[in-house]
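Breakdown of the fold
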Amino acid sequence: MKLFQTEDHYYDHGMRDYAPQIRLLYYVIIGILLAFSKVMWRWKVENPEELEPEGKTGSIIISNHTSMAEVVATVTHIVASGRRVRPIMKSEFNKNPIVRWFFARVGGIPVDRGTADMKSLRRAQHALQRGEDVLIYPEGTRIRTDDQPVEVHGGFALIASMAKADIVPIAVCGFRDITPQGHHLMRPMKTWIRCGERLRLASAPEGLKRKERIQWFEDEAIRRMYEVRDQLRDEHPGRR
């Protein structure tokens, strides 16, 4: 791929095909962020074997969302383990040309929330079929307090069905405390990431119609994600 391309080229092509200069820049950034986040937040991914796909198709990884710090930790872990990952991002980020330029070149795929954005769904499907992982935060925004209303956004189970991909629910704990509400400076502290049990297409109960099957995948993946989150909170009282 040529060095100078539109954002759509990066959304539609595999990360392996990015220009060498872009890939070099990407891995330099990942290395810096990996070292920084490990020192600052002392995170470790528990049960990382769940992230390893069993075939050539990538996995959809879903997680609860409390801070941008956990995005850094999750992405750098996946890349450091030898995988390529495409985070799904809100299309609102594209309003800033600098942010749009950067996110396109680090694998981001924009999606219009609350709409049937088939172009983004197809892009995610093709990424999975190329062997890239897709990272999705179903809560749609950072959940800063336990009192904050949560609207879980669907669609990831449909992508999994289209690509015949597994779903891996993960959960984070402690990242919300890095920048408490009303503060802007990040604090060094211990954080946790844990992978839940991989959800395979064959896991669905027999006899379900396609729409019912997709809904079951979505509900079960979300249940497992929150189950792991609650386990982490129980093990680390007072941390969110």
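Residues numbered from 1 in each chain as written. Predicted model: local features only at pLDDT ≥ 70, side-chain atom pairs only at ≥ 80, totals over all residues. Heavy atoms only, no water.

This brings us to helix α5 (residues 118-129). For α5, which comprises 12 residues, the first-to-last C-alpha distance of 16 Å matches the rise-based estimate of 16 Å (1.5 Å per residue) to within 8%. Every buried residue belonging to α5 is among Ser120, Leu121, Arg123, Ala124, Gln125, Ala127 and Leu128, and all of these are buried. Taken together, the buried residues of α5 touch α1 (7-12), β2 (60-63), β3 (85-90), β4 (109-111), β5 (133-136) and α6 (156-163). Among the residues trailing α5, Gly131 stands out with phi positive, at a value near 100°. (Helix = DSSP H or I, 4+ residues; strand = E, 2+ residues; numbered from the N terminus. Expected span 1.5 Å × (residues − 1). Buried < 20%, exposed > 50% of the residue type's maximum accessible area, 1.4 Å probe, protein only. Contact = heavy atoms within 4.5 Å.)

Below, the discussion takes up the sheet that holds β5. Taken together, the 7 strands give an open sheet; going across it, the order is β1-β7-β6-β2-β5-β3-β4, and neighbouring strands pair in mixed fashion. Pairing within the sheet leaves two strands with one partner each, and these edge strands are β1 (45-46) and β4. When β3 meets β4, the two strands line up parallel, connected through 3 bridges. When the sheet's bridge partners are listed, Met89 is paired in β4 with Pro110. The strands touched by helix α3 (residues 68-80) within the sheet are β1, β2, β3, β5, β6 (167-173) and β7 (192-195), with β3 carrying the most contacts at an inclination of about 155°. Of the strands in this sheet, β2, β3, β4 and β5 touch α5, which is tilted by about 150° from β4. (Pairing = 2+ DSSP bridges. Axes fitted to C-alpha atoms, helices over the stretch in contact; angles between N-to-C directions.)

Attention shifts here to the pattern of salt bridges. Tallying each qualifying case throughout the model produces 19 salt bridges. Between Arg100 and Glu7 there is a salt bridge, with its nearest N and O atoms 3.9 Å apart. Here Arg100, found in helix α4 (residues 97-105), pairs with Glu7, found in helix α1; they are 93 residues apart in sequence, far enough to count as distant. The exposure class of Arg100 is partly exposed, given its relative accessible area of 27%. In this structure, Arg239 and Asp177 form a salt bridge, with 2.8 Å as the shortest nitrogen-oxygen distance. With a gap of 62 residues between them, Arg239 in the segment after α7 (210-235) and Asp177 in the loop between β6 and β7 connect regions that are remote in the sequence. The pair formed by Arg239 and Asp177 is uniform in burial state, with each residue classed as buried. Salt bridges sharing partners connect three or more residues here, namely Asp146, Arg176, Arg233 and Arg240. (Salt bridge = Lys/Arg side-chain N within 4 Å of Asp/Glu carboxyl O.)

In this section: the environment of Ala165. Assignment of secondary structure puts Ala165 in the loop between α6 and β6. Judged by relative accessible area, which is 2%, Ala165 ranks as buried.

Now for the side chain of Asn64. Counting through the fold element by element, Asn64 comes out in the loop between β2 and α3. A polar contact is formed between the side chain of Asn64 and the backbone nitrogen of Val172, at a distance of 2.9 Å. Ignoring anything within four residues of it in the chain, the contact list for Asn64 reads Glu70, Tyr137, Glu139, Ile170, Ala171, Val172, Met225 and Arg229. (Polar contact = N/O pair within 3.5 Å; in protein donor to acceptor, adjacent residues only side chain to side chain.)

As a further point, take a nonpolar patch on the surface. Taken together, the side chains of Leu24, Val28 and Ile32 present a nonpolar region at the surface, about 300 Å² in accessible area. Tracing the backbone through its elements, the reader meets Val28 in helix α2 (residues 20-41). (Patch = residues over 30% accessible without salt bridge, like charges linked within 9 Å, V, L, I, M, F, W, Y side chains within 5 Å. Areas by Shrake-Rupley, 256 points an atom, 1.4 Å probe, with all protein chains shown as cover.)

Proteins that are soluble and globular tend to have nonpolar side chains buried together. Membership of the largest hydrophobic core comes to 34 residues, with the highest contact counts inside it found for Tyr26, Val75, Phe175 and Ile193. For this core, the elements supplying multiple residues, two or more each, are α1, α2, α3, β3, β6 and β7. Examining the composition of this core, we find that 6 residues originate from one element, α3, more than from any other. Dropping the residues within four chain positions of it, Val75 is found in contact with Tyr26, Ile30, Val85, Pro87 and Leu135. Of all hydrophobic cores here, the second largest spans 24 residues; its members include Ala124, Ile159, Met225 and Tyr226. (Core = buried A, V, L, I, M, F, W, Y, C linked by side-chain atoms within 4.5 Å.)

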